[in-house]
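Listed below are the residues making up each chain.
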Amino acid sequence: KELVSEIEAASVTSKEQLEAFRLKYISKKGAVTELFDGLKNIPQEDRRAVGQELNTLKNLAQNRFQEFSATLENTEAANPEMLIDLTLPVAPHLQGSLHPLTIVRRRIIEIFERMGFNVSYGPEIEKDWYNFSALNFADNHPAREMQDTFFISKSEGEVKDDVLLRTHTSNVQVRLMEKQKPPIRSIMPGRVFRNEAISARAHCVFHQVEGLYVDKNVSFKDLKDTLYHFAKEMFGKDSKIRLRPSYFPFTEPSAEIDVTCFICKGKGCNVCKYSGWVEIAGSGMVDPNVLENCGIDSEEYTGFAFGMGIERITMLRYGINDLRLFTENDVRFLRQFEGA
Ligand code: PHE
C-alpha cells in the first residue's frame, strides 16, 4: 500500500531521476521484485490474493515508468537545449583563405579584362624557339645568360632546339601570335623559373603576368595609358607612373615602369629605398622582328607588350618584405589575408 502511494506520488524531471526510479522499483533488485521474492513466505491460502495485488503494483510501476520516459522525451524534443550544453566552447571551424598571390593575380586579371584583354595560358616546359629565338634573342646573346635558364635538354647541332623551363611568360605571346591574326589583346599569367639562389628578394620559381596588344596603329601612348590606368586601379587613384629607358631583345623602344610607392605614397621608405618609386614592369613596343618571326606583317601592324612579377606587386600592395613568405605556408602569415 505504501509503495502504491509512493509510486503514484513520484515525479521524474530528468534522465537521472528516471533511471533512479527504474532502479528503485522495477529492476531485479528493486522494491517490487523484492516483494515478489517474499511471496514464497506467504501462507498458501493468501498467496493468490497477494500475488494479484503485487501484479497490480508491478503494472503500476511499469506504467509510471513508461509515462515518465514519454514525457521526458517530449520535453527534450520541445527544448533541445536540454540535450545541448550551450556553455561548451565551439569547436573552431577554420575556413582557410586565398593565398595573397591568388588575390593579386585575380585582381590584375580583373583590371585588364575590363580594358578588353582576354587571358591566355601556355606551357611551363618550353622549346628554345618560344622562350628565346622567336623573341629575337640572338644565339649568343648575353640576355640568354641573364635569364639563368634551367635546361631540360640541350641541343647538340646547329639549330637551337633546347628544351627548358620558361624564364618568362613571353612564350605565350609567341604562341598566340603564331596562331591568331591581330587584333590580339591578351594577358598571360603564369609560373616562371630562373636558376637563382633563394633569398628575401629572389626565388627560382615566381609568377608573372605579361600583356600583349597587337593591332593597326597601336602606339607607345597606348602602352603608357594602359599601364597608367592599371597602376591607378591596383595602387589607388593618386598613383603615378614613370618610364625609364631600358632594353629587351623583343621590344624596341623598351621602358621600365615605376609606380609611386604604395607604402609611403612617394615620401620615401625602406620598401622603395627612399626613392618614392618602385619598379613594377618591363615593357616596350614589340620589335618588328618578333612580329615577323610569328608571321605577322610588321608594316601593317604594331604592338606593345609588358611583363610584371605578381610577387613584386603583392609585396608592394601589402608591405611584405620577404619573398620566401609566399612559399613557406606559415598559417600566421596566410591568415592575415582572410577577407582581403
Ligand atoms: N619578359 C620580360 C621579363 O621577363 C618582361 C617583359 C615583357 C618586358 C614584355 C618587356 C615586354 O623580364
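No experiment lies behind these values; they were computed from the predicted model shown.

A. Quick look at the pairing of strand S6 (residues 205–215). The element S6 is largely enclosed, with a buried count of nine among its eleven residues. Across ten bridges, the pairing between strand S5 (residues 184–193) and S6 is antiparallel. Within the sheet, the bridge partner assigned to Val 192 lies in S6 and is Phe 206.

B. Quick peek at the site of the ligand. In the vicinity of the ligand lie 13 residues, with His 168, Ser 170, Arg 194, Gln 208 and Glu 210 positioned nearest. Take Ser 170: an N or O atom from its side chain is 3.1 Å from a nitrogen atom of the ligand. Here the ligand, which alone exposes 330 Å², has 92% of that area covered by the protein. Per element, the largest residue contribution to the shell around the ligand is three residues, and it comes from strand S10 (residues 302–309). Classifying every residue of the shell around the ligand by side-chain character gives four nonpolar, seven polar and two charged.

C. Expanded view of the pattern of salt bridges. For the structure on display, the rule yields 14 salt bridges. In this structure, Arg 64 engages Glu 67 in a salt bridge whose closest nitrogen and oxygen atoms are separated by 3.0 Å. Taken as a pair, Arg 64 and Glu 67 lie in helix H4 (residues 44–78) at a separation of three residues, close to a single helical turn. Arg 64 gets classed as buried once you look at its relative accessible area, which sits at 16%. Residue classification places Glu 67 among the partly exposed residues on the basis of a relative accessible area of 44%. Notably, a salt bridge pairs Arg 244 with Asp 258, separated by 2.8 Å at the nearest N-O pair. Within this pair, whereas Arg 244 is found in strand S7 (residues 241–248), its partner Asp 258 is found in strand S8 (residues 251–260), the two being separated by 14 residues in sequence. Given a relative accessible area of 30%, Arg 244 falls into the partly exposed group. Counted as one network, the salt bridges with shared partners bring together Arg 107, Glu 110, Arg 114 and Glu 233.

D. Structural context of the sheet that holds strand S2 (residues 125–127). The three strands lie next to each other as S2-S4-S3, forming an open sheet whose pairing is antiparallel. Edge positions in the sheet fall to S2 and strand S3 (151–153), since each of these pairs with one other strand and no more. Going from strand to strand, the sheet's axes swing by 35° on average, the running direction of each strand aside. By the bridge criterion, three bridges tie S2 to strand S4 (residues 163–165) in an arrangement that is antiparallel. Bridging across to S4, Ile 125 finds its partner in Leu 165.

Quick notes on the rules
- Residues numbered from 1 in each chain as written.
- Predicted model: local features only at pLDDT ≥ 70, side-chain atom pairs only at ≥ 80, totals over all residues.
- Heavy atoms only, no water.
- Buried < 20%, exposed > 50% of the residue type's maximum accessible area, 1.4 Å probe, protein only.
- Helix = DSSP H or I, 4+ residues; strand = E, 2+ residues; numbered from the N terminus.
- Pairing = 2+ DSSP bridges.
- Near = heavy atom within 4 Å.
- Polar contact = N/O pair within 3.5 Å; in protein donor to acceptor, adjacent residues only side chain to side chain.
- Areas by Shrake-Rupley, 256 points an atom, 1.4 Å probe, with all protein chains shown as cover.
- Nonpolar A, V, L, I, M, F, W, Y, C, P; charged D, E, K, R; others polar.
- Salt bridge = Lys/Arg side-chain N within 4 Å of Asp/Glu carboxyl O.
- Axes fitted to C-alpha atoms, helices over the stretch in contact; angles between N-to-C directions.

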